[in-house]
Amino acid sequence: GTSLYFFHLLAWGMFLAIGGVTALATPRPWKPLRALLAALPTLPTALIGFLCYEFGNSASANLPVNGPRGLAGFQGVYNDVSGNLTMLPGWLIDFSPGDFDGRVALLLAACWLFLLCARERADRLPNELPLTDFRAWRLELAALVCFVLYMTLPRSLLQPFYWYAINRRLAVAVALFAVLLVRGPVASLGGARRWLLAAAAIVAILYPLDIARHFYRFNQKTRGYDECMAAIPRNKMVLPLMMTLGDPADVTVNAFNNWGAYVQMREGGYMVQYFSVEFPIKYRSAFRYPAPAWDRPDLFNYAAHGAPWDYFLIHGPSKVDPFVHAHDKVRLVKKSGDWEIWQNLQKKESPFRT
């Protein structure tokens, strides 16, 4: 649970919310002291997050938790109930072009709804606790907490900083708990229920195979990245400019949005700052290399951004020329597929290097 903080803040928060609520509600016999003791295992998970927040927070973080307005400093955009429900399929499996994944979503949703409604009543659930014991409903309670978070959290955060897609990222967790709600002894799956479950199983196998096909084609087309990066000497400063952010033939998302992280992991050196908020990580130095916004590489201007970089990694095709009026200052070193490496012929040393 503690490690979740270092993966994603939302996963960490969900663990605390679900773990805390289920722990507080399930001690038997229920007493306040027993409930508090039951929730103690979540305490280390909460502490590591708050300690990291205090350590990493700075004036540039602009997190108003400790400010005069407190939580009132957060402003977001919210969906209505219908908007949140219709948003679920798109954040679960809408990954590849075409309507195959849409048909998969409809079939799986129909199977789930039928199996859930047809769940046989019994005196005991598979965990062998009687249904009169509240602990027998821990899974349903966890699913409810997850669903409430999904319905009440903002779609995106606007202030004190922009955070794209908050409750939308919880769609996968909502689906996970929803699937686990279909409980009951396997022996009771007879007749139409058994055939419907078999159909869902077949679809659940075919869909990831289709995804793998798209992944394979995507990887084949991005081989040029490795070939271009091999032409760069070690310990050079590389500015990634993903002039084409997506791959409409195989993915429906901007798969190249954060490609600069691969450049930094492979080449080392400086990682272009993606967000103005230094949370949950913090830069060691206040110095920033000039670069366009991570999601607007088309705003690159050599005069404004080019001076400190040794090389530029370009992913095209590009509708604009990134080196307009500056082709005498750069040289094409390598081109492979949609990838290009350009060397900066007028590189200027920066006062800060990592």
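Presented here is a report on the structure given in the accompanying data block. (Residues numbered from 1 in each chain as written. Predicted model: local features only at pLDDT ≥ 70, side-chain atom pairs only at ≥ 80, totals over all residues. Heavy atoms only, no water.)

## Focus on the layout of surface pockets
1) Next: Of the voids in this model, the second largest pocket is the one considered here, and its volume is about 1,100 Å³.
2) Next: As for the second largest pocket, its lining consists of 35 residues, of which Leu-108, Ala-109, Trp-112, Ala-175 and Val-179 are closest to the centre.
3) Next: Mapped onto the lining of the second largest pocket, the elements with two or more residues apiece are helix H4 (81–92), helix H5 (100–117), helix H6 (138–152), helix H7 (171–180) and helix H8 (192–221).
4) Next: Considering every element that reaches the lining of the second largest pocket, the biggest residue donor is H5, with nine residues. (1 Å grid on protein atoms, 1.4 Å probe; cavity = no way out; pocket = protein on both sides within 12 Å on 5 of 7 lines; lining within 4 Å. Points joined across faces, edges and corners; volume = space filled by probe spheres on them. Helix = DSSP H or I, 4+ residues; strand = E, 2+ residues; numbered from the N terminus.)

## Quick look at H6
Think of an α-helix as turning once every 3.6 residues; residues three or four places apart then point the same way.
1) Next: Taking 1.5 Å per residue as the helical rise, H6 with its 15 residues ought to reach 21 Å, and the 21 Å between its terminal C-alpha atoms agrees with that figure.
2) Next: Those residues of H6 lying buried are Glu-140, Leu-141, Ala-142, Ala-143, Val-145, Cys-146, Leu-149, Tyr-150 and Met-151.
3) Next: Buried-residue contacts for H6 involve helix H1 (9–25), H4 and H7. (Expected span 1.5 Å × (residues − 1). Buried < 20%, exposed > 50% of the residue type's maximum accessible area, 1.4 Å probe, protein only. Contact = heavy atoms within 4.5 Å.)

## Side note on empty space enclosed by the protein
Empty space left among the atoms is revealed by rolling a probe the size of a water molecule over them.
1) Next: Under the criterion given, the structure shown has two cavities of 30 Å³ or more.
2) Next: Here the second largest cavity defines a volume of roughly 70 Å³.
3) Next: Every residue lining the second largest cavity is counted, 14 residues in all, and those nearest its centre are Val-238, Val-263, Gln-264, Tyr-270 and Met-271.
4) Next: If you list the elements that add at least two residues to the lining of the second largest cavity, you get strand E3 (238–242) and helix H10 (260–267).
5) Next: Ranked by residue count, the leading element in the lining of the second largest cavity is H10, at four residues.
6) Next: Of the residues in the lining of the second largest cavity, the class split is eight nonpolar, four polar and two charged. (Nonpolar A, V, L, I, M, F, W, Y, C, P; charged D, E, K, R; others polar.)

## What to know about the pattern of salt bridges
Any two side chains of opposite charge can pair, given that their charged atoms come close.
1) Next: Per the stated rule, a full pass over the model turns up nine salt bridges.
2) Next: Of the charged contacts in the structure, one is a salt bridge between Asp-210 and Arg-213, with a shortest N-O distance of 2.7 Å. Placement of the pair is Asp-210 and Arg-213 together in helix H8, with a separation of three residues, close to one helical turn.
3) Next: Residue Asp-210 is classed as buried on the basis of its relative accessible area, which comes to 12%.
4) Next: Across the pair Asp-247 and Lys-221 runs a salt bridge, and its minimum N-O distance is 2.8 Å. (Salt bridge = Lys/Arg side-chain N within 4 Å of Asp/Glu carboxyl O.)

## A short note on H5
1) Next: Between its first and last C-alpha atoms H5 spans 26 Å; for 18 residues at 1.5 Å apiece the expected length is 26 Å, and the two agree.
2) Next: Within H5, the full set of buried residues consists of Asp-101, Val-104, Cys-111 and Leu-115. On an axial view of H5, the arc spanned by its buried residues comes to 90°, and they lie on one face. Opposite the buried face of H5, by more than 90 degrees, sit the exposed residues Leu-106 and Cys-117.
3) Next: On its buried face, H5 is in contact with H8. (Arc of directions from axis to C-beta.)

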